[in-house]
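Examination of the molecular architecture
The chain contents come next:
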Amino acid sequence: RFFCTAGRGLEPFLAREVRARLGATEVDCVSGKVFFRAAAGPGELRQLRSGERLFLLLKKHRPLPVSGNRGKMLHEIKSLVIENPEYWLDIISVWRKLHGHKGKTEDGSQENTLALKRTSEQETNTASKRQKTEQVRAIVSEECQVGAGETCEAPDRMSRQECWTESRTCSELPSRGSGEDPATSEELGFSFRVSCRCSGAIARILTSQEVGRAIGMALVKQCRWRADLRDPDLEIFVHLNDIHSVVGIPLFRLPLANREYIRTAGLRSTVAWAMASLAEIRAGGLVLDPMCGLGTILLEAAKEWPEACYWGADISDSQLEGADDNIRTAGLVDKIELLKASVKALPLPSESFDSIISDIPFGKKFKTTSDAQLLPDLLQEMERVLRVGGTLVLLLSQELCRRMDGLTRCAGSDPAEASADGDNRAALSVDGNSSSLAQGGGEPVLSRHFGSLLPEGVYAVSLGKTDAFIHKYRKVSAAGS
């Protein structure tokens, strides 16, 4: 059993991907996570493109009962993690096979087995216990800083959403026990680090620090493991909230969302992959990103669907240089063509592309002009170069969605009707089973303003500090007919 974290709104994409790519069963989506069962090796698991971090699932229970007895609650939490010492032997064995862990972990395997079976009377002397306690406190102080209402500290390059998805285990500081002598280190054997996240009702009673400290001390006492913040053999993640209680072990050091073939990151790779997955890319098809920026969408699409041909256009020299660098790094020079052009006047034949995928810029650095005339020019040109039957996938900000509503009113629609349509826009639910493009009887905005584009789906996704919508359209007739 596994679970994988996902950016908000990408859970249905991840659920479909694990079924299609891994043949997964028992797939269960909740906000921010997808649980599943699969008979897959590390190579196959690492190919997941819409997930953030992948975990081997140890425990998934109902939410822990909340009471005023803090001691009882901590006891139940410790029992959740270490109720059966023999279970850890099986888990470590499975984790080693999946992780390909070698060296010091395997060298200490016999010692770890014996340690798990020792009784509490065989524990080390008082000084050793004090040292272990200090080590666990170091783990909690550095790793489990997320409590109710607390915010996450992350490097500048990471968004708040990314940090949340990364389970907030970014500390690389050494534990206080890192200076112990070799003999003590060998005795303590297997090293570990605990990361804990609490939210909801339980976070009003216990902090993540308290929960992490209790779990860490119990593992040190029962399993005789030692703390290591810098390079542990094992990381243990505990997520407690009002939906479930989850314990897991990350399979890979780096998140799945970190793409080794992208030198300079632009749009979040998981969102880019999700957009490409909606474009119905086929072998021999022509795919265009008319505002390609650093080329993230093209890279994700070309890696996943290499039998198609890809074109990227942008008006910015610096963006094209960055895209070219990324394409060369990814080894896709023969798959992706770049050209400098404005999306309002593409030097391309009409009805020449099978799919168009584009992130219409709306960030702090690159954004569309406030002039509402840009949007109809942009969309009409995309419509022109798209073949009948082709797909158009756009990433739009909430502001751009409102501007599209404004375009409809400018085109002569009834203001009250246009406003109602804009206020009733809905998106796919987390389970991916329901979709509403516009409720209340009105037609979607683009289908009224650009008659050949038929809406097929709207997906709300998070980009960290802001939310956005992935819109999918199909061209059903020649432009202007």
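Keep in mind the model is a prediction, meaning the values are calculated, not measured.

Summing up its helical and strand segments, the protein chain has 17 helices and 15 strands in all. Across the 481 residues that make up the protein chain, the buried fraction comes to 53%. Put simply, of all contacts in the protein chain between residues at least 6 apart along the chain, 76% involve residues at least 24 apart. As displayed, the protein chain offers around 21,200 Å² of accessible surface, 48% of which is attributable to carbon and sulfur atoms.

With that settled, consider the pattern of salt bridges. Following the criterion strictly, the structure yields 22 salt bridges and no others. Across the pair R328 and D324 runs a salt bridge, and its minimum N-O distance is 3.0 Å. Pair noted here: R328 and D324 are both in helix α13 (residues 317–330), with a separation of four residues, about one helical turn. A salt bridge links R474 to E456; the nearest nitrogen and oxygen atoms lie 2.7 Å apart. Placement of the pair is R474 in strand β15 (residues 467–475) and E456 in strand β14 (residues 453–462), with a sequence separation of 18 residues. Assessed through its relative accessible area of 33%, E456 is described here as partly exposed. Shared partners join several salt bridges into a network, and the residues in it are E280, R282, E456, K472 and R474.

Our next topic: the sheet that holds strand β3 (residues 33–37). Strand order in the open sheet made by the eight strands is β2-β3-β1-β4-β8-β7-β5-β6, with mixed pairing throughout. Where the open sheet ends on each side, the last strands, each with one partner, are β2 (25–30) and β6 (226–227).

Let us now look at the nonpolar core. Membership of the largest hydrophobic core comes to 87 residues, with the highest contact counts inside it found for F36, L54, W88 and W225. By residue number, the principal contributor to this core is helix α10 (residues 208–223), which donates six residues. In this structure, this core is formed jointly by two domains, domain 1 (2–99 + 190–250) and domain 2 (269–410 + 449–475), each of which donates at least three residues. Counting 26 residues, the second-largest nonpolar core is a separate cluster that includes A313, L348, L392 and L400.

A few words now on the sheet that holds strand β9 (residues 286–289). Here we have seven strands laid out as an open sheet, ordered β11-β10-β9-β12-β13-β15-β14, and mixed in their pairing. Only two strands of the sheet have a single partner each, and these edge strands are β11 (336–340) and β14. When the angles between neighbouring strand axes are averaged without regard to direction, this sheet yields 15°. One ladder, built from six bridges, connects strand β12 (residues 353–359) with strand β13 (residues 386–397); its direction is parallel. Each residue of the ladder has a partner; that of S355, found in β13, is T391. Where helix α12 (residues 296–304) meets the sheet, it contacts β9, β10 (309–314), β11 and β12, and its direction lies at approximately 175° from that of β10.

This model, assessed by the stated rule, comprises seven aromatic pairs. Residues F13 and Y459 carry aromatic rings whose centres are separated by 5.2 Å and whose planes lie at 50° to one another, so their mutual orientation is tilted. One end of the pair, F13, is in helix α1 (residues 11–22); the other, Y459, is in strand β14, with 446 residues separating them in the sequence. Per residue, the accessibility class of F13 equals that of Y459, and both read buried.

Once that is clear, we can look at the side chain of S245. By the secondary structure assignment, S245 is in strand β8 (residues 245–250). There is a polar contact of 3.3 Å between the side chain of S245 and the backbone oxygen of R62. Look past the residues within four positions of S245 in its chain and what remains in contact with it is K59, K60, H61, R62, P63, L64, L80, H239 and L240.

Although it is not a glycine, E280 adopts a positive phi angle of roughly 55°. As for its position among the elements, E280 is in the loop between α11 (269–277) and β9. Relative accessible area serves as the criterion here: at 27%, E280 is assigned to the partly exposed category.

So, about the side chain of T296. Inspection of the secondary structure puts T296 in helix α12. Residues in contact with T296, not counting those within four places in the same chain, are I262, G266, L267, S269 and A272.

Within the secondary structure, D289 sits in strand β9. For D289, a relative accessible area of 1% gives the class buried. Not counting chain neighbours up to four residues away, the residues in contact with D289 comprise I297, L298, W311, G312, A313, I357 and S358. In this structure the side chain of D289 is engaged in a polar contact, spanning 3.1 Å, whose partner is the backbone nitrogen of M291.

Of all the nine residues making up α12, seven are buried; the element is thus mostly covered by neighbouring parts of the structure. Within the sequence span of α12, burial applies to T296, I297, L298, L299, E300, A301 and A302.

With 12 residues, helix α14 (residues 374–385) ought to run about 16 Å at 1.5 Å a step, and its terminal C-alpha atoms sit 17 Å apart, in line with that. In terms of burial, α14 is largely enclosed, as nine of its 12 residues are buried. Buried within α14 we find L374, L375, P376, L378, L379, E381, M382, E383 and V385.

Tracing the sequence through the fold places D233 in the loop between β6 and β7 (234–240). When its relative accessible area of 5% is taken as the criterion, D233 is described as buried.

Right, let's get into the pairing of β2. Bridging between β2 and β3 involves four bridges; their strand directions are antiparallel. Counterpart to C29 in the pairing with β3 is V34. Between the end of β2 and the start of β3, which pair antiparallel, lie two residues, with G32 showing a positive phi angle near 85°.

So, how was this worked out
Within every chain, residues take consecutive numbers counted from 1 along the sequence as written. Since the coordinates come from a predicted model, pLDDT governs what is reported: local features require at least 70, and pairs of side-chain atoms require 80 or more to be given and counted, while whole-chain, interface and lining totals use all residues. In computing side-chain values, all of the structure's heavy atoms are included and hydrogens and water are not. The secondary structure listing takes helices from DSSP runs of H or I that are at least 4 residues long and strands from runs of E that are at least 2 residues long, numbered from the N terminus. Relative accessibility decides the category of a residue: with a 1.4 Å probe and only protein chains considered, values under 20% of the type maximum give buried, values over 50% give exposed, and everything between is partly exposed. By definition in these notes, contact holds between two residues if any of their heavy atoms fall within 4.5 Å. Values of accessible area rely on a 1.4 Å probe in the Shrake-Rupley scheme; residue burial ignores everything except the protein chains shown. When a carboxyl oxygen of Asp or Glu is within 4 Å of a side-chain nitrogen of Lys or Arg, the pair counts as a salt bridge. A pair of strands is labelled paired if DSSP reports no fewer than 2 bridges between them. Within this scheme, the nonpolar core is defined by two criteria: the residues are buried Ala, Val, Leu, Ile, Met, Phe, Trp, Tyr or Cys, and they are joined through side-chain atoms within 4.5 Å. Source of the domain bounds: an automatic or database domain assignment. Only C-alpha atoms enter the line fits that serve as axes; for helices the fit covers just the stretch in contact. Angles between N-to-C directions range over 0 to 180 degrees. Each Phe, Tyr or Trp ring, with Trp reduced to its six-membered ring, pairs with another whose centre is within 6.5 Å; inter-plane angles below 30 degrees give stacked pairs, above 60 give edge-to-face pairs, and intermediate values give tilted ones. N or O atoms within 3.5 Å of each other form a polar contact, as long as, within protein, one can give a hydrogen and the other can take it, and as long as residues adjacent in sequence are counted only when both atoms are side-chain atoms. The span one expects for a helix is its residue count, reduced by one, times 1.5 Å.

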